[in-house]
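Structural overview for review
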Amino acid sequence: MSRELHFDTLVVGGGIAGLQTALDLADQNYQVAVIEKDATIGGKMIRLSKVFPTLDCASCITTPKMAASAHHENITLFTYCNLKSLDRDSPESVTATVTQKPRYVDPDKCIGCRQCEYGCPVYVPDEEQGNFNLRKAVHIPFSNAIPQIAVLDMENCSLCGKCARVCPTDAIDYFEQPEDFIIHAKTAVLATGFELTPIDQKPEYNGGKVQNLITSMEMERLLAPHGPYMRVIRPSDGKEPDSIAYVQCAGSRDKTLNVPYCSRVCCMYAIKQAMLLSGALPLADITIYYMDIRAFGKGYEQFYQNAKAMGIEFVKGKIAKIEQADNQYVSLRYEAQEDGGRVVEREHDLVVLSLGMVPGWTPQGVCQVSCDTDRFIKSSMPQIAPTVTDMEGVFVAGVAAGPKDIVDTIAEAGAAAMEASKYMTALGKQKAA
Amino acid sequence: MSDKKKQADKEAMKILRQQRKQSIDRVRGAIKSQNKDIKSIKDALKDGGKTVPEITAATKMPSSRVMVFVATLKKYGMVAEGPKDGDYFKYELIDA
Ligand SMILES: Cc1cc2nc3c(=O)[nH]c(=O)nc-3n(C[C@H](O)[C@H](O)[C@H](O)COP(=O)(O)OP(=O)(O)OC[C@H]3O[C@@H](n4cnc5c(N)ncnc54)[C@H](O)[C@@H]3O)c2cc1C
């Protein structure tokens, strides 16, 4: 028999949208469960370097929200979990079946000391650092991960037993199995966020197989204080780059990729990264190749103008070809639209693809909520109540509903919490009547 | 832990190792080649700090692989970043 748990609201996704929703509901005394598929909460935001338009350190503003959620008496976090099904059985109840993936580490015993990690003899590419360096088979995802509990990657474990021998609390359990449990709640909020379009999709970009051609998320890691090199250097050979370029709309506004929409944040994060790069590498030339700049939010146009004033070069032209050049340079070919339309080829030390945003999760087969033509979760009243879906008492927040920045994500999370609270208040009134 | 429990755990581990033999063999192969690469990088650094292209020349490993290992050794406290030499940083052994 599976364990059954009862809450007021189930939040799916522990990114900034899910955490803000959970905090807003928990502060109103609702009991909230957050399920997160990764071993840590925080979503994309905790993996960013700094955030536009304020250039605040992302970790400094995300970590307090993560810690507040972890320590809130009305919030229970379930990390490293898969959502198997989510159904509404009555107006008062949604039921979710959740699978706890095995960590092979007992969360109640692990004290996060990392002795297992230091002892482990297996090095594995660290996906949290863009695979630019290696982690151990047993590891804590990153230094500000919450919870600070190790996870053992069984696929890359040699079962040598070293981690179990050095663990001071006997927390390693090689025999752990996935375990299903059931959550009953009155409402649910879907905050499943996004992923970037894959780097290898475009043949004209050589399927992404070009040295020193990286994704925007990988550049976030290079710029982050706890990044793989703790400075910006070329991944191919450690050279400090003299020239860095951004390729905008590398995965959005592109019908060939089935992503015809604008991902909204790419212009702004490219400008942000360009500014951070010109601070870190004052002598480097930074170029942004764009179709048009969409500086949509409050203060964003000024941010763009500041970047131009700092000497960042903006070139209007869609990149048609990306190739490896000599000495590990990356060659870009484009039509210079503001220079007579001539075809130009330029080489850069490091090139960043501003890839598009696609949904982080598809509800198909798990839950009956509808998706829009862009495959993000459909809002049934986009103008007047954007967090309401076509599943009763199930709401959506953040990028799960469509591309947006952190400011809009936080505002939408507050709105989703309010809708959930309103739904539960109405249920209470119906009962009383 | 009682002797009986210890023996049972040993037996259970033996069975688990048999079940996972294929992946264990693959991982053991990876450990061997990683250790070899780490040793060649450390050997290359024994006579003083070097840049990634210099380590690449000394070890004959692809430079991108050298970069990954240097970053990893730095993370786990075995190598430190040294002074700059042209466009590149030198890396030094910490226990040299
Ligand atoms: C390179 C880059 C830089 C950016 N820089 C900025 C910036 O400077 N300023 C700014 O305002 N915005 C920036 N953004 C946008 C910002 O990242 C998003 O607005 C924000 O992260 C959205 O938060 P979210 O919680 O909706 O989604 P996410 O951060 O994607 O979080 C979703 C969470 O849900 C989890 N999840 C997904 N599916 C499931 C499931 N089935 N079950 C359980 N959990 C699940 C995921 O693991 C994840 O933890 C940037 C984006 C990129 C790509």
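Residues numbered from 1 in each chain as written. Chains lettered and ligands numbered in written order. Predicted model: local features only at pLDDT ≥ 70, side-chain atom pairs only at ≥ 80, totals over all residues. Heavy atoms only, no water.

**A look at empty space enclosed by the protein**
To locate leftover empty space, one rolls a probe as large as a water molecule over the atoms. Tallying each qualifying case throughout the model produces 5 cavities of 30 Å³ or more. Here the largest cavity defines a volume of roughly 100 Å³. Each residue belonging to the lining of the largest cavity can be placed in one class, and the counts come to 10 nonpolar, 3 polar and 1 charged. (1 Å grid on protein atoms, 1.4 Å probe; cavity = no way out; pocket = protein on both sides within 12 Å on 5 of 7 lines; lining within 4 Å. Points joined across faces, edges and corners; volume = space filled by probe spheres on them. Nonpolar A, V, L, I, M, F, W, Y, C, P; charged D, E, K, R; others polar.)

**Some words on the domain arrangement of chain A**
Much of the literature gives interface size as the accessible area that the parts lose upon coming together. All names here are of chain A. Annotation of chain A at the domain level lists domain 1 (3–101 + 178–193 + 360–432), domain 2 (115–160) and domain 3 (197–356). With 12 residues of domain 1 at the contact, the number on the domain 2 side is 8 residues. Of the roughly 800 Å² buried between domain 1 and domain 2 on both sides combined, carbon and sulfur atoms contribute 66%. The three residues of domain 1 that bury the most area against domain 2 are Ala 39, Thr 40 and Arg 47, which together make up 45% of that side's buried surface. Close ionic contact of Glu 128 with Arg 47 constitutes a salt bridge, the shortest N to O distance being 2.8 Å. Counting the contacts that link domain 1 with domain 2 gives 4 residue pairs in polar contact (both at pLDDT 80 or more). Its residues assigned to classes, the side of domain 1 that touches domain 2 shows 7 nonpolar, 4 polar and 1 charged. (Domains from an automatic or database assignment. Contact = heavy atoms within 4.5 Å. Buried area = accessible area lost by both parts, 1.4 Å probe. Salt bridge = Lys/Arg side-chain N within 4 Å of Asp/Glu carboxyl O. Polar contact = N/O pair within 3.5 Å; in protein donor to acceptor, adjacent residues only side chain to side chain.)

**Some thoughts on the site of the ligand**
All names here are of chain A. Lining the immediate surroundings of the ligand are 33 residues, of which Glu 36, Lys 44, Phe 52, Lys 404 and Ile 406 lie closest. The separation between an oxygen atom of the ligand and a polar main-chain atom of Phe 52 is 2.8 Å. Val 399 places a polar main-chain atom, nitrogen or oxygen, 2.9 Å from an oxygen atom of the ligand. Alone, the ligand offers 1,000 Å² of accessible surface; in the complex the protein occludes 98% of this. The set of elements that each furnish at least two residues to the shell around the ligand consists of helix H1 (16–26), strand S4 (50–51), strand S15 (194–196), helix H5 (216–223), helix H6 (266–280) and helix H8 (406–432). The element best represented in the shell around the ligand is H5, accounting for 3 residues. Of the residues belonging to the shell around the ligand, the class tally is 15 nonpolar, 9 polar and 9 charged. (Near = heavy atom within 4 Å. Areas by Shrake-Rupley, 256 points an atom, 1.4 Å probe, with all protein chains shown as cover. Helix = DSSP H or I, 4+ residues; strand = E, 2+ residues; numbered from the N terminus.)

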